[in-house]
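Structure assessment
These are the residues of each chain, in order.
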Amino acid sequence: MRAETAKRSQPVHDVSCGRALRERALGRAGSPDPAPPGLVAAIAAEIEAHCGHRLLKCRRLAMGWTVVQAVAAAHRLVEAENLAKVGLSERSWKDWEAGVLPSPDYQDLLCRLFATNPVLLGFARDYSPPPADPLWSGATVNATLPTEPASARGTSPVNGAEVAETKRRDAVKLAGLAFAAPAAAAQILEQAAAEAMEFTRQAEATSLGSGTLDHLDLAVTEFNHAYSLRPPKLVFDAVMDYRRKVDVLLNAKRTHRQERELLAFAGWLSELLAWLAHDLGDARTGLAFATDAFVHGQQAGHGQLCAWAMDAAASINLYEQRPGRARDAALKGLAEAPTGHPLTVRLHAQAARAAAADGDAEGFAAAFHAAEDAHRLLPPRSPRRFGMDVLPLADYALTSYPATSCIWLGQADQARQHAEQALATYEAAPEASRSPSREAIARIDLALAHAQLGDPDDAVVLGHQALDSARVVDSVRHRAGDLTTFLTRRYPRQAAVEGLRERLAAVDAAARPALASVPSSRK
């Protein structure tokens with residue numbers, strides 16, 4: 001393992017160099033096919049000394065394999081020797097060649113594949129002392145300051161330049177180099193280079209499996225796709241389980257790069273948990289996870305994640321009737337959002353909605369114009385979030401949010417226009433981008449506009465259509481409550497209004513068990 005660290009002080013050559021060394025070595029040996037293990041080991045040692053690759057990559061090059069061929073050979077070995085099935089992939093192999101330590105089972109498989117031991121593949125260290133190394137043979141280097149008087153060394157105490165030079169020499173002696181012979185000094189420096197490489201190896205050491213980050217990426221993607229399609233309680237439980245697992249991984253040994261990725265995954269899971277808790281009617285839990293997502297985004301250096309977290313916090317605060325905090329969250333998110341990203345449109349629209357909730361018509365108009373300006377400046381190609389186009393989220397914000405805002409500001413005609421446009425936008429969206437809960441809220445906004453304009457019958461019909469949604473989450477029930485309260489107050493003796501109110505009461509009662517099962521210990 002000492003050679004594994006020391007040799008990386010040399011430049012790393014292109015793989016073509018290793019292939020050329022292999023061909024020359026095979027030619028000298030008479031081109032045996034297949035090459036015997038001893039010859040492969042000798043070729044690997046030559047590639048390591050000359051090219052500077054890690055030991056595992058040297059072995060692969062000595063065999064003449066590409067990464068794809070090496071992975072295929074490993075799978076054939078598993079099949080031939082009836083070993084436990086493995087999920088070995090090209091990415092895993094490349095991670096190992098980059099310095100990620102395989103699990104013990106994979107180390108055993110690779111040692112079988114190359115007919116060698118973990119030390120010669122760079123997975124373990126050999127602590128046997130090299131006989132020619134003076135640092136191991138017992139020869140010591142004097143590392144103490146000299147004790148004789150300065151005059152005995154020919155230095156005048158009144159000569160400042162010579163005194164300074166003496167101090168420099170003494171400092172060097174402390175490092176153990178001044179009394180060392182040239183050869184010993186070179187060995188000390190070589191050993192220092194080896195130690196530096198060992199520091200690097202330790203920085204790359206990790207207990208994460210090679211496929212862990214890939215698995216987390218897939219899981220977060222699937223959870224985001226499931227968000228609008230599955231019952232929120234089921235998704236909440238599954239996401240919470242993964243959030244705990246990521247927390248365990250963050251406390252395990254990992255590289256700095258892996259730590260940043262894990263912090264980001266933790267933040268994305270918490271951002272989703274914030275929305276799910278909001279859907280389940282628990283604002284305290286939702287805001288706690290939104291804060292957690294923001295903090296992990298900051299730790300990961302992921303501004304976009306921070307902005308998404310504040311988007312969730314703004315919505316939750318609005319439904320808790322805290323428009324000031326909602327606006328603060330939106331502005332905090334705007335400070336982190338990437339320029340030219342659809343998320344900036346949403347956050348400006350969130351600020352507009354918060355102003356409307358506070359009765360500030362001028363503030364609403366200014367923030368909504370900022371959202372429209374941001375929308376016009378979006379680039380031609382929309383970014384994606386876990387495989388999904390995020391542009392529809394900006395489009396929804398430009399139609400649905402002002403509809404709600406105009407309802408709160410008492411601008412019924414404008415609310416009706418925005419709500420009708422919002423419904424048209426939702427219905428025209430691709431199935432994967434549909435948001436049943438936001439569509440239901442747009443129907444409620446349109447119902448409230450009709451009710452304010454003196455048309456309770458259409459309002460009741462639209463209210464029932466909203467409650468027919470496949471995803472009647474807490475925000476939908478909350479806004480439906482606004483509708484029934486307004487209709488009951490404005491049209492108290494209409495049977496249709498009473499029927500809608502009773503239906504909403506039944507929906508609320510059915511939702512209580514799911515809400516009660518949200519674990520308060522994690523709020």
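Given the structure is predicted, the values throughout are model-derived calculations rather than measurements.

A word on the overall build of the protein
The helix and strand inventory of the protein stands at 24 helices and two strands. Across the 523 residues in the protein, those meeting the buried criterion constitute 46%. Contacts spanning at least 24 positions in sequence make up 67% of the contacts within the protein whose residues lie at least 6 apart. Of the roughly 25,100 Å² that the protein leaves accessible, carbon and sulfur atoms contribute 55%.

Points about helix H22 (residues 456-467)
Taking 1.5 Å as the rise per residue, H22 with 12 residues should run 16 Å; its terminal C-alpha atoms sit 17 Å apart, in good agreement. Along H22, the residues classified as buried are Pro-456, Ala-459, Val-460, Leu-462, Gly-463, Ala-466 and Leu-467. Angular distribution of buried residues about the axis of H22 spans 165°; they occupy a single face of the element.

Things to note about the environment of Val-390
Its place among the elements puts Val-390 in the loop between strand S2 (388-389) and helix H19 (391-408). Along the backbone, Val-390 and Leu-343 are 47 residues apart, and their C-alpha atoms lie at a distance of 7.9 Å. If near-sequence neighbours (up to four positions away) are discounted, Val-390 is found in contact with Trp-308, His-341, Pro-342, Ser-382, Pro-383, Arg-384 and Arg-385.

Side note on the layout of surface pockets
Approximately 1,100 Å³ is the volume attributed to the largest pocket. In terms of lining residues, the largest pocket is bounded by 49 residues, among which Tyr-227, Ser-228, Ser-435, Ser-437 and Arg-471 are the most central. Of the residues assigned to the lining of the largest pocket, the class counts are 26 nonpolar, nine polar and 14 charged.

Quick notes on unusual backbone geometry
Its identity is not glycine, yet Asn-82 carries a phi of approximately 55°, on the positive side. Considering the arrangement of structural elements, one finds Asn-82 in the loop between helix H5 (67-80) and helix H6 (90-97). A positive phi angle, near 60°, is found at Gln-321, a position not held by glycine. Within the secondary structure layout, Gln-321 lies in the loop between helix H15 (303-319) and helix H16 (323-336). A residue is classified by how much of its surface remains accessible, and Gln-321, at 63% relative accessible area, is exposed.

A look at the environment of Ile-444
In this structure, Ile-444 sits in helix H21 (residues 436-452). A relative accessible area of 1% places Ile-444 in the buried class. Residues Ile-444 and Val-476, 32 residues apart in the sequence, show an inter-C-alpha distance of 8.3 Å.

So, the packing of aromatic side chains
This structure, assessed with the given rule, holds nine aromatic pairs. Taking 6.5 Å as the distance between ring centres and 75° as the angle between the ring planes, the aromatic pair formed by Phe-236 and Phe-289 counts as edge-to-face. A residue pair is termed long-range when its members are at least 10 positions apart, and Phe-236 in helix H12 (residues 232-250) and Phe-289 in helix H14 (residues 283-300) qualify at 53 residues. In this structure Phe-289 comes out as buried when scored by relative accessible area, which is 7%. On the numbers, 5.7 Å between centres and 10° between planes, the contact of Phe-364 with Phe-368 is stacked. Taken together, the residues Phe-364 and Phe-368, both in helix H18 (residues 361-376) and four residues apart, mark about one turn of the helix.

Thoughts on the nonpolar core
Ranked by internal contacts, the top residues of the largest apolar core, which has 52 residues, are Phe-236 and Val-239. Of all elements in the fold, only helix H11 (212-226), H12, helix H13 (256-279), H14, H15 and helix H17 (342-357) reach the threshold of two or more residues within this core. Ranked by residues supplied to this core, first place goes to H13 with 13 residues. Among the nonpolar cores identified, the runner-up in size contains 36 residues, and Ile-407, Ala-447, Ala-459 and Ala-466 belong to it.

Let's talk about H17
The terminal C-alpha atoms of H17 lie 23 Å apart, and with 16 residues this matches the ideal 22 Å at 1.5 Å per residue to within 8%. The buried fraction of H17 amounts to 14 of the 16 residues, a majority that puts the element mostly inside the structure.

Calculation notes
- Residues numbered from 1 in each chain as written.
- Predicted model: local features only at pLDDT ≥ 70, side-chain atom pairs only at ≥ 80, totals over all residues.
- Heavy atoms only, no water.
- Helix = DSSP H or I, 4+ residues; strand = E, 2+ residues; numbered from the N terminus.
- Buried < 20%, exposed > 50% of the residue type's maximum accessible area, 1.4 Å probe, protein only.
- Contact = heavy atoms within 4.5 Å.
- Areas by Shrake-Rupley, 256 points an atom, 1.4 Å probe, with all protein chains shown as cover.
- Expected span 1.5 Å × (residues − 1).
- Arc of directions from axis to C-beta.
- 1 Å grid on protein atoms, 1.4 Å probe; cavity = no way out; pocket = protein on both sides within 12 Å on 5 of 7 lines; lining within 4 Å.
- Points joined across faces, edges and corners; volume = space filled by probe spheres on them.
- Nonpolar A, V, L, I, M, F, W, Y, C, P; charged D, E, K, R; others polar.
- Phe/Tyr/Trp six-rings, centres within 6.5 Å; stacked < 30°, edge-to-face > 60°.
- Core = buried A, V, L, I, M, F, W, Y, C linked by side-chain atoms within 4.5 Å.

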